[in-house]
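Take a look at the letters that make up each chain.
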Amino acid sequence: MKRLLALLVGLLIVGAVTNVVSAESNREMPIKPNEGDILPGPFEEWKVEYSYVDHINYGPWVEEVSHYCYTESCTVYKEITHCSVTSLWGTIKVPISEIEAELGFSIGVQDCESVGCSATCGYGQTVTLYWRYKQPVYGVVQRKYIVDQLGREHATDTTVVAYARQEWTPECESSAS
Amino acid sequence: MEKFEWTIVVVSIFLFSALLVGISNEKSVESLRCSSDIFLSEYVAYVYASQNDTINVPIYWCPSKVGKNVSIVLYLPSFNAWVSYNKSSIRRSFRGYFKLQVPVPIMLNHSRNIKNLSLSILIRDLNSEKNLIIPFGNWSFEISNKKNSYELVITEYREEVFTSKMDTAFITYGLGIFNPTNTTVYIMNLSYSLSPSKVSTMAVACYNVTSISDLPWVTKIDDIPKDLMLSSGGCIILPGKRTYMLVYMKVDPSVRMLLLRPKITYKIGNRTESMPGGTMRFIRVPKMCECGFR
């Protein structure tokens, strides 16, 4: 009986701890200070405001496949793959994990990217698929905020940009004539 | 004593069950986020294009809980264009959303505004199939008489801008233009035909830099030196040289998604010509997508 009791109490403790951790991980808003609370500060905080990607073209379009359509509707599909390594530089004020979440890829890893190129055309048309490499360069615009002693955030005019790069990536285009 | 111990056992079981219910409730908050498919697809768009041009227009998908064998077909009835994706060809993009490109063949022979375009979507999983019709937005097409060959080459351009901000946004569109001809070219304007109350140009400037990454992120108009502002004489590109242009724009909060393929007007010799710029999208994404494939 005592063993059963100990087991149940143990389960109770494990359950309580899990619940606290679960609640912690699902919390979205930080705890706001109560009115009148005096916090250390003022201190600065940085937030991502914009993220963007610039497209840099390399080389001319290369014809991959050309297809004349004998039926009512045709589809041409070609998959082009390239392996790439990602990197990060510039002014980085927010955690790298936050930048990775904004951009949708991890920094400092090699991954292979495939792009499926497809085009449709109608009877009597010729559809041509072209491809070339592009280099996406990402910018993450971070703005500085001042958090005062009452926990209020004040946006400043100061912004900095962190840059991330994926190496060459295939892209495709098609034309029908 | 035995009765007391049984009471403790019963109370413990009750408390433990209550805790389990608490945990499962927390998880249901998480799963709620992925309980339905969310698409970002409703553009306000201006496209300058030639007849028979095709542009790829991405939509962004935060999926509900679908399996790894998912496939998705996108069909744009107004342009009779479709594309299909399977799991391996779908990649995560900004803010966790999956990016799906819709090819839009511009089979128009004159300029046209098309309102309330819609996109049909078929999502197939092992045991289920879903048909959705989602808004694709309001599009303004300006058709150039020229075929696809242009004298100038767009070497770099800003392709996508994302923000979580839902208020008035100030964004920059940049591009690099190379002049392969042996005649000096003057870029007179970068323009688009959209309601100024929705999207307006605050400034256009010419920069002599070596890469698009050297263009500044402008947060206020004073960030652009006055001598770089586009003058009435245009922005000069010498033969065999490249220049960079920056358009500083204001976007109204009502515009959640903007697609812009601007018209570049330039003078070469005694001719005035025009050509399309690179296509830029501006997307507001208030919440991260944390959903994925099982």
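Residues numbered from 1 in each chain as written. Chains lettered and ligands numbered in written order. Predicted model: local features only at pLDDT ≥ 70, side-chain atom pairs only at ≥ 80, totals over all residues. Heavy atoms only, no water.

## Examining the nonpolar core
All names here are of chain B.
- Counting residues in hydrophobic clusters, the biggest one holds 62 residues, and the most contacted among them are Tyr 43, Ile 59, Ile 72, Phe 136 and Trp 139.
- Ranked by residues supplied to this core, first place goes to strand 3 (residues 54-62) with six residues.
- Those residues in contact with Tyr 43 that sit more than four places away from it in its chain are Val 57, Pro 58, Tyr 60, Phe 136, Gly 137, Asn 138, Trp 139, Met 257, Leu 258, Leu 259, Arg 281 and Ile 283. (Core = buried A, V, L, I, M, F, W, Y, C linked by side-chain atoms within 4.5 Å. Buried < 20%, exposed > 50% of the residue type's maximum accessible area, 1.4 Å probe, protein only. Helix = DSSP H or I, 4+ residues; strand = E, 2+ residues; numbered from the N terminus. Contact = heavy atoms within 4.5 Å.)

## Here we look at helix 2 (residues 96-103) of chain A
All names here are of chain A.
- For helix 2, the set of buried residues is Ile 99, Glu 102 and Leu 103. Seen along its axis, helix 2 keeps its buried residues to an arc of 85°; they face one direction.
- One or two residues past the end of helix 2 sits Gly 104, with phi positive at roughly 85°. (Arc of directions from axis to C-beta.)

## Describing the confidence of the model for chain B
- In the predicted model, chain B carries a mean pLDDT of 87, and the fraction of residues at 70 or more is 88%.
- The low-confidence segment residues 18-32 of chain B (pLDDT under 50) makes 14 contacts with residues lying over four places distant or belonging to another chain. (pLDDT = per-residue confidence, 0-100.)

## Let's talk about the state of the cysteines
- This model, assessed by the stated rule, comprises two disulfides over all chains.
- Bridging Cys 69 of chain A to Cys 74 of chain A, the disulfide has an S-S length of 2.0 Å. Measuring handedness by torsion sign, the sulfur bridge of Cys 69 of chain A and Cys 74 of chain A sits at about 85° and is right-handed.
- Residue classification places Cys 69 of chain A among the buried positions, given a relative accessible area of 0%.
- Between the sulfur atoms of Cys 62 of chain B and its disulfide mate Cys 289 of chain B the distance is 2.2 Å. (Disulfide = S-S within 2.5 Å.)

## Points about the pairing of strand 4 (residues 126-147) of chain A
Residue and element names in this part refer to chain A.
- Of all 22 residues in strand 4, 18 are buried, a share of seventy percent or more.
- Pairing between strand 4 and strand 5 (residues 153-166): ten bridges, direction antiparallel. Across the sheet, the residue bridging to Ile 146 is His 154, located in strand 5. (Pairing = 2+ DSSP bridges.)

## Thoughts on the packing of aromatic side chains
- As enumerated under the stated definition, the model contains 15 aromatic pairs over all chains in all.
- Aromatic side chains Tyr 50 of chain A and Trp 217 of chain B sit 5.0 Å apart centroid to centroid with 45° between the ring planes, which places their arrangement in the tilted category. Of this pair, Tyr 50 of chain A sits in strand 1 (residues 43-68) while Trp 217 of chain B sits in the loop between strand 13 (199-207) and strand 14 (235-237), each in a different chain. The same class applies to Tyr 50 of chain A as to Trp 217 of chain B, namely buried.
- A ring pair is formed by Tyr 68 of chain A and Tyr 70 of chain A, whose centres lie 4.8 Å apart and whose planes are at 70°; its orientation type is edge-to-face.
- Aromatic rings pair up to connect Phe 105 and Tyr 138 of chain A together with Tyr 60, Phe 94 and Phe 162 of chain B into one cluster.
- We note Lys 47 of chain A situated over the ring of Tyr 145 of chain A; from NZ or CZ to the ring centre the distance is 4.9 Å. (Phe/Tyr/Trp six-rings, centres within 6.5 Å; stacked < 30°, edge-to-face > 60°. Lys NZ or Arg CZ within 6 Å of the ring centre and 35° of its normal.)

## Quick word on the side chain of Thr 155 of chain B
Residue and element names in this part refer to chain B.
- Along the chain, the position of Thr 155 falls in strand 10 (residues 153-163).
- Judged by relative accessible area, which is 13%, Thr 155 ranks as buried.
- Of note is the side chain of Thr 155, whose polar atom sits 3.3 Å from the side chain of Arg 242. (Polar contact = N/O pair within 3.5 Å; in protein donor to acceptor, adjacent residues only side chain to side chain.)

## Digging into a nonpolar patch on the surface
All names here are of chain A.
- On the surface, Tyr 68, Tyr 70 and Tyr 123 cluster together into a nonpolar patch covering about 420 Å² of accessible area.
- Residue placement: Tyr 68 occurs in strand 1.
- The class for Tyr 68 is partly exposed, based on a relative accessible area of 38%. (Patch = residues over 30% accessible without salt bridge, like charges linked within 9 Å, V, L, I, M, F, W, Y side chains within 5 Å. Areas by Shrake-Rupley, 256 points an atom, 1.4 Å probe, with all protein chains shown as cover. Salt bridge = Lys/Arg side-chain N within 4 Å of Asp/Glu carboxyl O.)

## Some details on unusual backbone geometry
All names here are of chain B.
- Positioned with a positive phi, Asn 80 is a non-glycine residue whose angle comes to about 45°.
- Counting through the fold element by element, Asn 80 comes out in the loop between strand 4 (71-76) and strand 5 (81-86).
- Residue Asn 80 is classed as exposed on the basis of its relative accessible area of 53%.

## Concerning the pattern of salt bridges
- This model, assessed by the stated rule, comprises 18 salt bridges over all chains.
- In this structure, the salt-bridge partner of Asp 148 of chain A is Arg 152 of chain A, at a minimum N-O distance of 2.8 Å.
- When salt bridges that share partners are traced, they join Lys 99, Glu 160 and Arg 281 of chain B into one network.

## Overview of the sheet that holds strand 12 (residues 185-191) of chain B
All names here are of chain B.
- Taken in spatial order, the four strands make up an open sheet running 14-12-17-18, and their pairing is antiparallel. The outermost strands of the open sheet, each flanked by one partner alone, are strand 14 and strand 18 (271-276). When strand polarity is set aside, the average angle formed by the axes of neighbouring strands in this sheet is 30°.
- When strand 12 meets strand 17 (residues 263-268), the two strands line up antiparallel, connected through six bridges. (Axes fitted to C-alpha atoms, helices over the stretch in contact; angles between N-to-C directions.)

## Concerning the environment of Gln 125 of chain A
Residue and element names in this part refer to chain A.
- Structurally, Gln 125 can be placed in the loop between strand 3 (110-122) and strand 4.
- In this structure, Gln 125 is in contact with His 67, Tyr 68, Cys 69, Ala 176 and Ser 177, ignoring residues within four places of it in sequence.
- Of note is the side chain of Gln 125, whose polar atom sits 2.9 Å from the backbone nitrogen of Gly 122.

## Points about the sheet that holds strand 6 (residues 91-92) of chain B
All names here are of chain B.
- Within the open sheet, the four strands sit side by side as 1-3-7-6. Their pairing is antiparallel. Where the open sheet ends on each side, the last strands, each with one partner, are strand 1 (38-40) and strand 6.
- Note that strand 6 and strand 7 (residues 98-105) share two bridges and pair antiparallel. Within strand 7, the residue paired with Arg 91 across the bridge is Lys 99.

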